[in-house]
Amino acid sequence: MDMDMDMAAPDPRRPIGVFDSGVGGLTVVRALRARLPGEDVVYLGDTARVPYGSKSPRTVERYALACQAFLLARGVKLVLIACNTASANALPALRAASPVPVIGAVEPGAASARAATRNGHVAVIGTLGTVRSGAYEQALAAPEVYVTALACPLFVPLAEEGWTGDEVARVVARRYLAELFVRDPAIDTIVLGCTHYPLLREVIARTAAELAGRELAIVDSATAMAEAAAAALGGGAHPNLRAAPGRLACHATDISRLDELAPRFLGEPVSSFELVDL
Ligand code: DGL
């Protein structure tokens, strides 16, 4: 009897699982906790194997499946792939392996871009693995939307180093974004297709506006994923409606530099990371 009830209505107190190749996914946790403050969150950063962005699709899929298995073993009611590279290369395999809903970064980011663009000219910036996958082109239903995708690998170490608003960030942003406007001068929307990039949002927006001579819409997949999680909970995975703030349990496969890096991405101190082996 109890079991039947459990199957009909999964326990809303179960946590939401979030994983990333490293600490960048904490930008998604930040957006998620702002949108759904009552939810408990279990976070896993695969910091021993980061970066995923330069690895082959098969390797990324294998690593991502191990991350998701870790979260499922902790009884999560929903999985968020807070890594664009893993979303772009492993979403079908992750969905096939999960009994609970799985939300990737690409679909919500693409939906926001489609809503934001006025002329259908969208740029996607991300890791090499994300750009090579063609996942955003597919999700944006190109050729209806004209997509220009560019790998910007130097943005990841800049975000981690905290060099997000200085001369170095401006030079790097100018070099990458100039390339985008050479390829398509009509771009009116840029998707931050990497979980590290929200930290560079300002410099990207300012540099793009300088190069284009007009303001552009900057779309952030972290916010879009938090919205998608809220919609999924309303549609079946069951929200936790308690008033008190939810707990955040952080895990990582390597803990080097986490004390310094994690608060930069989460926007608040992280009490501790538990070291785990996948
Ligand atoms: N988390 C990755 C992403 O969002 C960036 C870092 C990496 O290459 O692993 O694509």
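Our structure's up above, just so we're on the same page.
All figures in this text were calculated on a predicted structure; none of them were measured in a lab.

A. Structural context of the site of the ligand. Taken together, 13 residues form the shell around the ligand, and within it Asp20, Ser21, Tyr52, Gly53 and Thr85 come nearest. At 2.7 Å, a side-chain N or O of Asp20 approaches a nitrogen atom of the ligand. Take Gly53: an N or O atom from its main chain is 2.9 Å from an oxygen atom of the ligand. Out of a free accessible area of 300 Å², the ligand has 99% covered by protein chains. Broken down by class, the residue content of the shell around the ligand amounts to five nonpolar, seven polar and one charged.

B. Region of the structure containing the pairing of strand S1 (residues 16–20). Taken across its five residues, S1 has five buried, putting it largely inside the fold. Taking every second residue as pointing to the same face, both faces of S1 are buried, with Ile16, Val18 and Asp20 on one and Gly17 and Phe19 on the other. Note: S1 against strand S2 (residues 41–45), five bridges, orientation parallel. Its bridge partner lying in S2, Ile16 is registered against Val41.

C. Expanded view of the sheet that holds strand S9 (residues 248–252). Within the open sheet, the six strands sit side by side as S4-S3-S1-S2-S9-S10. Their pairing is parallel. Each edge of the sheet is formed by a strand with only one pairing partner; in this case those strands are strand S4 (102–103) and strand S10 (273–275). Pairing of S2 with S9 involves five bridges; the strand directions are parallel. If you follow Tyr43 over to S9, its bridge partner there is Cys250. Each of S1, S2, strand S3 (78–81), S9 and S10 is contacted by helix H2 (residues 26–35), which is oriented at about 170 degrees to S2, the strand it contacts most.

D. Summary view of helix H3 (residues 57–73). With 17 residues, H3 extends 24 Å from end C-alpha to end C-alpha; this agrees with the ideal 24 Å at 1.5 Å per step. For H3, every residue scored as buried is listed here: Thr59, Val60, Tyr63, Ala64, Cys67, Gln68, Phe70 and Leu71. Buried residues of H3 fall within an arc of 160 degrees about the axis and therefore sit on the same side. Pointing more than 90 degrees away from the buried face of H3 are the exposed residues Arg58, Arg62 and Ala73. Packed against the buried residues of H3 are S1, S2, S3, helix H4 (84–96), S4 and S9. Of the residues flanking the end of H3, it is Gly75, one or two places downstream, whose phi is positive at about 75 degrees.

E. Up close: the side chain of Thr127. Position of Thr127 among the secondary structure elements: in the loop between strand S5 (121–126) and helix H6 (128–133). One polar contact links Thr127 to Thr85, side chain to side chain, over a distance of 2.8 Å. With residues up to four places along the chain from it excluded, the contact list for Thr127 reads Gly53, Thr85, Ala151, Cys194 and Tyr197.

F. Spotlight on the packing of H2 against helix H12 (residues 258–266). Contact pair H2 / H12: the axes reach a minimum separation of 7 Å and the direction vectors enclose 45 degrees. Classified by the angle their axes make, H2 and H12 are oblique. Both H2 and H12 take part in a crossing whose hand is right-handed. Residues Leu26, Thr27, Val29 and Arg30 of H2 touch H12, and the partners they reach there are Ala262, Arg264, Phe265 and Leu266.

G. Molecular detail of the environment of Val23. Turning to its location among the elements, Val23 is positioned in the loop between S1 and H2. Spatially, the C-alpha atom of Val23 lies 8.3 Å from that of Asp46, the residues being 23 residues apart in sequence. In this view, Val23 contacts Tyr43, Glu160, Leu258, Leu261, Ala262 and Phe265; residues no more than four positions away in its chain are not counted.

H. Representation of the sheet that holds strand S6 (residues 146–151) within the structure. Across the sheet, which stays open at both edges, the four strands sit in the order S6-S5-S7-S8 with parallel pairing between neighbours. Pairing within the sheet leaves two strands with one partner each, and these edge strands are S6 and strand S8 (217–220). Adjacent strand axes in the sheet meet at a mean angle of 20 degrees, parallel and antiparallel pairs treated alike. Where S5 and strand S7 (residues 189–193) come together, five bridges link them in parallel fashion. Within the sheet, the bridge partner assigned to Val124 lies in S7 and is Val191. The sheet strands contacting helix H5 (residues 106–116) are S5, S7 and S8, and the helix crosses S8 at an angle near 160 degrees.

I. Examining the packing of aromatic side chains more closely. In this structure the tally under the stated criterion is three aromatic pairs. Judged by centre distance (5.6 Å) and plane angle (50 degrees), the rings of Tyr52 and Tyr63 are tilted. One end of the pair, Tyr52, is in the loop between S2 and H3; the other, Tyr63, is in helix H3, with eleven residues separating them in the sequence. Neither Tyr52 nor Tyr63 differs from the other in exposure class; each is buried. Each ring, one from Phe155 and one from Tyr176, has its centre 5.1 Å from the other, and the planes form 75 degrees; the classification is edge-to-face. With Phe155 in helix H8 (residues 155–161) and Tyr176 in helix H9 (residues 167–183), the pair connects residues that are 21 residues apart, well separated along the chain. When sorted by exposure, Phe155 lands in the same class as Tyr176, which is buried. Among the aromatic side chains, those forming a connected cluster through ring pairs are Phe155, Tyr176 and Tyr197. Residue placement shows Arg49 over the ring face of Tyr63; its charged tip is 4.0 Å from the ring centre. Above the face of the Phe70 ring, Arg74 is positioned so that its terminal group lies 3.7 Å from the ring centre.

Conventions adopted
- Residues numbered from 1 in each chain as written.
- Predicted model: local features only at pLDDT ≥ 70, side-chain atom pairs only at ≥ 80, totals over all residues.
- Heavy atoms only, no water.
- Near = heavy atom within 4 Å.
- Polar contact = N/O pair within 3.5 Å; in protein donor to acceptor, adjacent residues only side chain to side chain.
- Areas by Shrake-Rupley, 256 points an atom, 1.4 Å probe, with all protein chains shown as cover.
- Nonpolar A, V, L, I, M, F, W, Y, C, P; charged D, E, K, R; others polar.
- Buried < 20%, exposed > 50% of the residue type's maximum accessible area, 1.4 Å probe, protein only.
- Helix = DSSP H or I, 4+ residues; strand = E, 2+ residues; numbered from the N terminus.
- Pairing = 2+ DSSP bridges.
- Contact = heavy atoms within 4.5 Å.
- Axes fitted to C-alpha atoms, helices over the stretch in contact; angles between N-to-C directions.
- Expected span 1.5 Å × (residues − 1).
- Arc of directions from axis to C-beta.
- Parallel < 35°, antiparallel > 145°, perpendicular 65-115°, else oblique.
- Left-handed = near helix turned anticlockwise from the far one by under 90°.
- Phe/Tyr/Trp six-rings, centres within 6.5 Å; stacked < 30°, edge-to-face > 60°.
- Lys NZ or Arg CZ within 6 Å of the ring centre and 35° of its normal.

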